[in-house]
Amino acid sequence: MNTATPGERGPAHRARDTTRWDIQGLRAFAVLAVVVYHLWPHALRGGFVGVDVFFVISGFLITGLLLREQVATGTIHLGRFWSRRAKRLLPAAFLTILTTGAAVLVAVPSALWGQYGRELIASTVYLQNWELAANSVDYLASADDPSPFQHFWSLSVEEQFYIVLPLLLIGLAVAVRGRLSTLTTARLLLGAVVVLSLVWSIVQTSTNPGVAYFSTGTRAWEFALGGLAATVHLPEVRTEVARRVRMILTSVGAVALVLSLFVIGAETPFPGIAALLPVAGATLVVLFGGRTVFESIGALGPVAFTGRISYALYLWHWPLVVILPIMLGRPLDWATSTSVLLVSVGLAAVTTIWFEEPVRFSTWLRDLRPRGVVALGVICTFTVVTLGASTLTAVYVQEVHAEGATEQLTKRLATERAQDDESCIGAAARISSADPCVDPALADTRIPAPAAAEDDDANRPECWNGTFRTCVLGKATGWSKHLIVIGDSHSNALLGAYEKIADDNGWRIDMAGIGGCYLTTAQQNSVNAGALRGCNAWKHAAIDYVRAHRDADALVVTHSATQMPVSLPAGASRDIATRNGLVDAWEQAAGDELPVIAIRDNPVPRPDVIACVSKMSGPTNASCDRPRSEALAQTDSSIEAVRAFKAAGGRAGVIDLTDYYCTERTCPAVIGGVLVYRDTTHITATWATSLEPYLARGLQKQLTALGR
């Protein structure tokens, strides 16, 4: 059915023989902004807005293409449209994914294969933005390092736009059944998307920024605004005044784009309202830039060529940014960053000229019917996904082996304890003592395997809630001691040890934990306002719970020294502010009735500790250890808070287990055959199990000293 009204004009900028060189220049600007930002983030702090520019360009060009067909024929041939998109996007994308996947298998430690394999698959099926959004709200997964496939999130958003937009245009046209013109219908649709999506983007950016950044719903307005520009018909420029107006409006857009590179930064809540600057700027350029000096700029050889290879350049640069530092064992410096830029341009040129364009414009592919293109796309997708599945299979095999080895090591540890035999497993190695325990049989043991370290966690949902709730470890009735354990993820990392202590001693331990939030009245820095409100509510409920259970034997507290640190009052040091927040919370919760036992936080390993250990073969060496001065660089203020709390009349003590983690000089990554850390900050459950007798001894000692 033809829904175009008689004499209806199509969208602006109908296809013509000449190229929109201003848009080609805009592509060059966008890709260079992103690439320079990734290589030299301090030089171009807002370069990531180049992605938003690409969204506007896609919205403008694709909407114009669809509407021209709909106005001319009354419908949109979905198969033909989607097959054209597949021919344009899939060859270079699949080549990049396959090559990057092979490089991961060759050059990247196996500990990263699980994350990279999942993201390879998500990128291949264009769901990478939702994979990253899901991880951004997972407190533990948020510690994941960027993968070489992460940049496919923006391409995933674009692909989802290509799927949904034509369906909406067709559906709305059927719904109005000729009562409105095609362009009017499209403008209403796109206008509604702009308003609703922008509002949602602003709300989500303030409450859930991790999801907001990657969500299709918070980015849809950027495509829609570009699409609205495609529905505007601009008359031919016939007067000098009209020419100047176009030039001024295009210049305003260009200035907005340049400003966005410097006034927007990593600390700016984004996308939200801040994204209006680059998006509005790009929209002005695509709407008014034709037939202006900006077309002359875009037609310049280097600019036009950069625009031509922009897609391939975007695809290739990021895998090099991620994988090269892993291969070199150090961050990129100026020289290596420059090399990455040059190699990326070379790869992009070769890919575009000798692969992407020949494939895209080949006679056999051009003559292939849409069904054939779909079939070919499915075969290629299956082939690429198989690579990702193979990495996940390899990781699974490692995890199965690691699980069995960990179980055997744990049984051996329990047997040696029961028989009073000296054990050197894990913390029992006593690395800081004058006479450390050394077992040659553990020299080449590293349990759990690095690939399985992430899942070596004894924490469980009933002890880990956004809404304050305790779980009971040990005896629910008839206990000999009653402890309340409250803290963040570093506290809950010891859950397995607490449970064994409770079972072995006939104690009851009420445990409650929440990500990044602990028992303090100090305001903590948070990822977003919603998380901060939730944290504050949790802390208030925790204080109320402890106050109502002051008949317990002790309140045990632990917190991370590095995650969600406290906000600093004017003129205060972080250590003092942290100490004061702890003391105030303990006074409110425990008062002078309930003793407080503070456990000093675990040391912080080197950021690449898991990847580093996964490279080891043979006996464990010190290459992945961290100097003690760096591992304990940020104090958790527990010792200072205990002193202050006692000075104010409270009863408190400290358990410092650092000597089991560190020698006088270093804090090893592997101790007594046990991998200490499962990520950049949390300890493994296997290590916590080995630490249990020393934690139990510390608790018994403090309870006795505190008269309990």
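Preceding block: the structure.
Not measured: the values here are computed from a predicted model.

(A) Molecular detail of the overall build of the chain. Within the chain, the regular secondary structure consists of 26 helices and 10 strands. Taken along the three principal axes of its C-alpha coordinates, the chain extends 95 × 50 × 45 Å. When each of the 708 residues of the chain is scored for burial, the buried share is 53%. Considering only contacts in the chain between residues 6 or more positions apart, those separated by 24 or more positions represent 81%. Entry remark: accessible area of the chain is about 29900 Å², with carbon and sulfur atoms responsible for 61%.

(B) Focus on the packing of aromatic side chains. Applying the stated criterion to the full structure yields 16 aromatic pairs. Taken together, a centroid distance of 5.3 Å and an interplanar angle of 80° make the contact between Y213 and F214 edge-to-face. Its relative accessible area of 13% is what places F214 among the buried residues. Considering the side-chain rings of F468 and Y545, the 5.5 Å spacing of their centres and the 50° angle between planes classify their relative orientation as tilted. With F468 in the loop between α17 (370-418) and β1 (471-474) and Y545 in helix α20 (residues 529-548), this pair connects stretches of sequence that are 77 residues apart. The same class applies to F468 as to Y545, namely buried.

(C) Representation of helix α10 (residues 240-263) within the structure. The terminal C-alpha atoms of α10, which comprises 24 residues, lie 34 Å apart, in line with the 34 Å expected from a rise of 1.5 Å per residue. Those residues of α10 that fall on the buried side of the exposure criterion are R246, T250, G253, A254, A256, L257, S260 and L261. Looking at the buried residues of α10, the elements they touch are α1 (21-39), α2 (50-73), α11 (276-288) and α12 (293-298).

(D) Representation of the state of the cysteines in the model. In the structure shown here, the tally under the stated rule is five disulfides. Across the disulfide, C424 is cross-linked to C437 (sulfur-sulfur distance 1.7 Å). For the disulfide bridge between C424 and C437, the dihedral angle about the S-S bond is near -60°, and by the sign convention the bridge is left-handed. A residue pair is termed long-range when its members are at least 10 positions apart, and C424 in the loop between α17 and β1 and C437 in the loop between α17 and β1 qualify at 13 residues.

(E) Inspection of the environment of A28 at higher detail. Locating A28 in the fold gives a position in helix α1. The class of A28 is buried, set by a relative accessible area of 4%. Residues A28 and R308, spaced 280 residues apart in sequence, show a C-alpha to C-alpha distance of 8.0 Å.

Conventions and cut-offs
- Residues numbered from 1 in each chain as written.
- Predicted model: local features only at pLDDT ≥ 70, side-chain atom pairs only at ≥ 80, totals over all residues.
- Heavy atoms only, no water.
- Helix = DSSP H or I, 4+ residues; strand = E, 2+ residues; numbered from the N terminus.
- Buried < 20%, exposed > 50% of the residue type's maximum accessible area, 1.4 Å probe, protein only.
- Contact = heavy atoms within 4.5 Å.
- Areas by Shrake-Rupley, 256 points an atom, 1.4 Å probe, with all protein chains shown as cover.
- Phe/Tyr/Trp six-rings, centres within 6.5 Å; stacked < 30°, edge-to-face > 60°.
- Expected span 1.5 Å × (residues − 1).
- Disulfide = S-S within 2.5 Å.

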